[in-house]
Structure formats: C-alpha cells, structure tokens
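Descriptive structure summary
Chain by chain, the residues:
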Amino acid sequence: MTDTTTIKSSPTRPTMNEVPLFSILLRPVLASIQPVWKAFCAFRWLLSRPLNTLILPKFVPGFVKIPILKHVPHICIGEIIFAVPIFVLAYLSYNASFGLERSTDTSGYIASYSIYPIFFTANKANSLVTFVLGIPFERLIFWHKLWSILVVVTGIFHFCCAYDRGGDEGQTTHSRYGPEPNIGKFAFEGEYQITGSLLFISLILLIVPSILSIFRRLSFDLWYFSHVLLAASAIVLVVIHGTANVLIALVWWVIDLSARYLLMTGRLYPREATLRVLPGDIVEISFPKTDALQYDPGQFLMIAIPEIGFSQFHPFSISSSPHQKTVTMHTKAIGGWTRKLMELAKTKSKVNILLEGPYGNLAVDINDTVRYKTVVLIAGGIGITPLLSVANDLLQQVQNGREMTRIRFVWTIRSLDVLQSMKDSGDIEGISGGGLSLLNDYQSIDVLQLDVHVTGNSSGKGVSKKADAGDISTITGRPNIEQVLNETKELASKEGEGAVAVLVCGPMSMIDECRDATRRISDLFCAGKGVKFDFHEEKFEL
C-alpha cells in the first residue's frame, strides 16, 4: 500500500519547478522573493494569452491526416514571432552569400549566430527560454530542430560563397576561379575548409537521426551518446573555424548536463523505487517524495533503470499530486523498454533508479482561480496519468475552499483493466486527512462530472452500465467531443465565465480531434466576449 499522506502546500503559489535547477538553487529564498516572482508569472501568463491567439479564421479547414499541414490552422501569433528570426537569418545569410556585396566572413558569422539557439533550446534543467517565457523544453524541441536545419542551410550558403570567392583574401588553388577548380578538393583545402567540412558532416550526422525517429527506436543508447559527442565536437570545430564566442553556449550546456546527471541524478533525488504490476499490462513506479524533488501537476520525470539500460532515460508523467508524500508514475507495456520493465516488475519489487526533472509546464494556468472556474480534462487510455495529477490537485483545492463551477473528466479506455488498475493504484486511494480522489470520491463531489467511455468489446454505443472495478458507471462507445465542449460552453456562458481550460492527453488522433473541436467552438480572443477555450495537449512521445 502506497503512503499518500497529505503534505500541506499552497498549490496556487507560483513555483519554478519547470526549470528544476533554478528551483533547487532558489528554493531557500523563494519565499522572500515570492511577491516579485508571482507578479512576473502573472505577467507571463497575461502575455501568453494573446500570443496563443490563432492567426487563421475558423473557416480554414484542418488537415487531420497530413502530419505537417494539420498544424497550419492552429498557427498562433507566438509561433510567427518565434519563426521571424529564423527567416531573417536565412535571408541575411543568402544575401551575404549570393548578393552583390557578398562576403565569406559575413556569411560565416551569420551561420554561427544560428548555433546559439540550438544549445539554448536543448537545455532542460537551466533553460532560460523556459524561465523567461514559461515554454517547457519538450515544446522547444520543434524549434531546436528548426534552428539545427537553419545552421545546415546557412552553412551550405557559406560554403558556396567561400568556393565562389575562395575566401575574402582571394582565390585558392581549387576554388571556383582558381587555377584548378574542384569543389571536392576545395572542401578539404586548408584549415578553414577542413574544419568547415568536418563541421558540416557532424551537423548532418546530428540532425538526420534526430529528425527521423526510427534511429532512436533502433538503438537509443547509440543515438544519445553519438548526439552528445557530435554536439561537443561541433562546438570544438566551430571554435577552431574561428567563432570562439560559441563557447558561451557550450558552457551553459555543460552546466545543464552537470545539473541533470551529477546534481539531480547523482545526489539529490531518490535512488530506489517500488515496482508493481497492475491489470492491463500496466506497471506502477513509486518512491517517497523528498524535499529536493518538488513538482507541479501535469509534469513528468525522466527515469532510467540501470538493470534495463543505464543511459536510457524515458519520460513518464507523474500521476500523483504535489500534496502527496509518494510520487507515482504509471506506464503501459507497449514498447521494447516498457516490456522489459514489465518483465522486471514480475521478478523484483525494488529496483535502483536514476531520475532527472521535473519537466513540462501546462499551457494554461489552472491555478488562476478567477479565470478558470470550469476545466475539461480529456484522456485516452494511460494518458490519464498527467491529468489524474491535475484533477486530484484541483479537487484538493476545492476541498480547501476554491470555488469551481465544473470539473469535467472524460476518459476513454479500451477495457476495464485500465480502470481497475488506476482505481486500485496507491496514488488515488484517497488522501488521508480528508483529501479527495477522482476515481474513488467522484460521487461525493458536486462540481465533478466523470465520464468513462469503454470502446473495446462493445456492441452498443452510449449505453451506461456499471464497471467491474467498483461502482463507477461506464459508457459504451467513443465520446462526442463536440457535444462535451458545447455543453461546457453553455454552462460557462450561463455562469458568466469567459474562459474554459481544456487539457488533453492521449493518442495523436484524439489530440487532433480535440484541438480542432476547441478551435471551431471557441469564441475569438479578440471578440472580447463569449467563452474562449484555452487548450493544452500532452503527447505520449517527446
């Protein structure tokens, strides 16, 4: 039985948990700077709302089945702002390489500028972008890849300019207008060309396996170690090539790695966990919460189990809530690593672990008691884990006096095994001291509406019946997301509320459906009236 004794906390007080290194270092003085930090967080949330405003009107259709284009209707102002520097540097690089006043040195400097964002968007524990803007590192991975591609593109421009001009000091033997033009030989002619060519090769070996996930699946250890080594070698080559200022990014990156693997993993965080096999091929990982490991609802930890793979850190959403003494995570055995974990859990209940984090940050401030009196949580299968943490935290706040109109939790599962596993799991058995639990106390909570949909082995649709796991009523068939959101919008409008928080975690098809539905049903931000849906999604994979 997992100990879930309540820890007294203030869930509405802003934390720095999305940047774990800053949280660890500043935690002793956080209380004294709380007014300033609270004001900063409030300003950050205030700024994020207009930046998350969608650019395209509602009548622009969604491209659900086309991976790249399906995001087009959901492009927001903030993404446009983030993309502007990329296009500006690409234009400046092209102009410096092929324009009338082209210069090898200038095109080289512009190419080097793109390297800084690569490292600053790769940091986890000490991310300045996350600290200033509140954007968690996993949502920066997309931009990390874009900046990496930009470095390759500007590098190609720089090489073409160098081949054409032979360097700003004149033509070389194998440059375009040299005595023996040969682009292959030019690439390795002299120190600058050699280091530049080796740098380009390193970047290609870095980027291609990272964009194509099949390489990570084939051998995660090989991909990860090669990624780190190639990134370090790229920095060394850049410095030799003539851009020593890039060492600043390298130092900040080394601090990040040291914080993750020496401070968090090696010293501060728990080193042993309990494994428990639950119905439905689900494994529960639990360990006592320590003062050093603080987290917010909806966050995740990176965990490695040396008996499976010393360097294989996998992301797992935290299913417990911050006010509980035990940290729990749940995973379903669906891949190679998780199946190994399942086999290990069948033979051992105690294992050594390595932890780093917590990471992640909700895109909506659910602790805003004025803006969000209505919250919709939509989960698919094991995707309930982060939303369970959020739901139980909200219920704890309701018990402590927070006024809410409705917490609607919609959970779709294939079989009742998953329901029974999560209901019987230690992290939701009821918090001693009068705490509330989503799956055990739902009948006694007026503001909570729990809809559990079972899609597997069903002959009817919309049929309500009793589940085998306790007295929870289930509904046969998939939920009607538009109906759920329309009913919620009607309720919020009746109560005079202007915003509803919608949090989704599950398969990509479910996320796409919910994202498109919120876009169609939500009133426009610029309208100044109506009900706006503030959307947050959690994916199974980083």
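In the block above lies the structure referred to throughout.
Since the model is a prediction, treat every value here as computed from it, not as a measurement.

**Thoughts on the packing of helix α7 (residues 141–165) against helix α9 (residues 191–211)**
Orientation of α7 relative to α9, taken along the N-to-C sense of each, is 145°, at an axis distance of 10 Å. The two elements α7 and α9 cross, and the hand of that crossing is left-handed. When α7 is examined against α9, the residues Lys145, Ser148, Ile149, Val151, Val152 and Ile156 are found in contact with a partner set consisting of Phe200, Leu203, Ile204, Ile207, Ser210 and Ile211. Residue composition of the contact of α7 with α9, by class: 9 nonpolar, 2 polar and 1 charged.

**Brief notes about the packing of aromatic side chains**
Counted under the stated rule, the structure contains 15 aromatic pairs. Ring centres of Tyr261 and Phe313 lie 5.6 Å apart, and the angle between their planes is 55°; on these two criteria the pair is classed as tilted. Of the two residues, Tyr261 is situated in helix α12 (residues 247–268) and Phe313 in the loop between β3 (300–304) and β4 (314–317); the sequence distance between them amounts to 52 residues. Assessed through its relative accessible area of 9%, Phe313 is described here as buried. Judged by centre distance (5.7 Å) and plane angle (40°), the ring pair of Phe316 and Trp337 falls under tilted. Of the two residues, Phe316 is situated in strand β4 and Trp337 in helix α13 (residues 336–347); the sequence distance between them amounts to 21 residues. Both residues of the pair, Phe316 and Trp337, count as buried. Linked through ring pairs, Phe22, Trp37, Phe40 and Phe131 together constitute an aromatic cluster.

**Observations concerning helix α11 (residues 220–241)**
Residues separated by three or four positions in an α-helix point in the same direction, a consequence of the helix having 3.6 residues per turn. If you check α11, its first and last C-alpha atoms are 31 Å apart, about what 22 residues at 1.5 Å a residue would give, namely 32 Å. Within α11, burial applies to Trp223, Tyr224, Leu230, Ala231, Ala234, Ile235, Leu237, Val238 and His241. For α11, the angular spread of buried residues about the axis comes to 165°, placing them on one side. Across α11 from its buried face, at more than 90 degrees, point the exposed residues Leu222 and Leu229. In this fold, the buried residues of α11 make contact with α5 (115–120), α7, α9, α10 (214–218) and α12.

**Concerning the sheet that holds strand β7 (residues 354–359)**
The 3 strands are arranged β4-β3-β7 in an open sheet whose pairing can be described as antiparallel. Looking at which strands have only one partner, the edges of the open sheet turn out to be β4 and β7. Each neighbouring strand pair of the sheet contributes to a mean axis angle of 30°, computed without reference to strand direction. Bridge count for β3 against β7 is 4 bridges, and the pairing is antiparallel.

**Considerations on empty space enclosed by the protein**
Across all of its chains, the model carries 1 cavity of 30 Å³ or more by this definition. Approximately 30 Å³ is the volume attributed to the largest cavity. Among the residues making up the lining of the largest cavity, the classes are represented as 3 nonpolar, 1 polar and 2 charged.

**Quick notes on unusual backbone geometry**
That bond from Gly357 to Pro358 is cis: its omega, 0°, falls within 30 degrees of zero. Its location among the elements puts Pro358 in strand β7. In this model, Asp281 sits at a positive phi of 60°, which is unusual for a non-glycine residue. Along the chain, Asp281 turns up in the loop between β1 (272–278) and β2 (282–288). On the accessibility criterion, Asp281 (43% relative accessible area) is partly exposed.

**As for the sheet that holds β1**
Strand order across the open sheet formed by 4 strands is β5-β2-β1-β6, with antiparallel pairing between neighbours. Of all the strands in the sheet, just β5 (326–332) and β6 (350–352) have a single pairing partner and so form its edges. Recorded for the sheet is a direction-independent mean angle of 30° between the axes of neighbouring strands. Alignment of β2 against β5, held across 7 bridges, turns out to be antiparallel. Paired with Glu284 across the strands is His330, a residue of β5.

**Considering the side chain of Asp393**
By the secondary structure assignment, Asp393 is in helix α14 (residues 384–399). For the buried Asp393, no salt bridge is present, and the opposite-charge side chain at shortest range is Arg402, 6.5 Å distant. Reaching out from Asp393, the side chain makes a polar contact with the side chain of Gln397 at a distance of 2.9 Å.

**Re the pattern of salt bridges**
Overall, the coordinates contain 16 salt bridges when judged by the stated rule. In this structure, the salt-bridge partner of Glu307 is Lys348, at a minimum N-O distance of 2.7 Å. Residue Glu307 is found in the loop between β3 and β4, and its partner Lys348 is found in the loop between α13 and β6; the two are separated by 41 residues along the sequence. Between Asp534 and Lys532 there is a salt bridge whose closest N-O contact spans 3.0 Å. Neither residue differs from the other here; Asp534 and Lys532 are each classed as buried. A cluster of three or more residues bridged by salt bridges with shared partners is formed by Asp256, Arg260 and Glu356.

**What to know about the packing of helix α1 (residues 20–30) against α12**
Packed helices, taken two at a time, are described by the angle between their axes plus the distance between the axes. Direction vectors running N to C along α1 and α12 enclose 65°, while the axes themselves pass 10 Å from each other. One element, α1, and the other, α12, form an angle in the roughly perpendicular class. Considering the relative orientation of α1 and α12, their crossing is left-handed. In this structure, α1 contributes Pro20, Leu21, Phe22 and Ile24 to the contact, and α12 contributes Trp252, Ile255, Ala259, Leu263, Met264 and Leu268. When its residues are assigned to classes, the contact of α1 with α12 shows 10 nonpolar, no polar and no charged.

**Thoughts on the environment of Val236**
Within the secondary structure, Val236 is located in helix α11. The class of Val236 is partly exposed, set by a relative accessible area of 46%. It is 9.4 Å that separates the C-alpha atoms of Val236 and Thr195, two residues lying 41 residues apart in sequence.

Calculation notes
Residues numbered from 1 in each chain as written. Predicted model: local features only at pLDDT ≥ 70, side-chain atom pairs only at ≥ 80, totals over all residues. Heavy atoms only, no water. Axes fitted to C-alpha atoms, helices over the stretch in contact; angles between N-to-C directions. Helix = DSSP H or I, 4+ residues; strand = E, 2+ residues; numbered from the N terminus. Left-handed = near helix turned anticlockwise from the far one by under 90°. Contact = heavy atoms within 4.5 Å. Nonpolar A, V, L, I, M, F, W, Y, C, P; charged D, E, K, R; others polar. Phe/Tyr/Trp six-rings, centres within 6.5 Å; stacked < 30°, edge-to-face > 60°. Buried < 20%, exposed > 50% of the residue type's maximum accessible area, 1.4 Å probe, protein only. Expected span 1.5 Å × (residues − 1). Arc of directions from axis to C-beta. Pairing = 2+ DSSP bridges. 1 Å grid on protein atoms, 1.4 Å probe; cavity = no way out; pocket = protein on both sides within 12 Å on 5 of 7 lines; lining within 4 Å. Points joined across faces, edges and corners; volume = space filled by probe spheres on them. Lys, Arg positive; Asp, Glu negative; His and termini not counted. Salt bridge = Lys/Arg side-chain N within 4 Å of Asp/Glu carboxyl O. Polar contact = N/O pair within 3.5 Å; in protein donor to acceptor, adjacent residues only side chain to side chain. Parallel < 35°, antiparallel > 145°, perpendicular 65-115°, else oblique.

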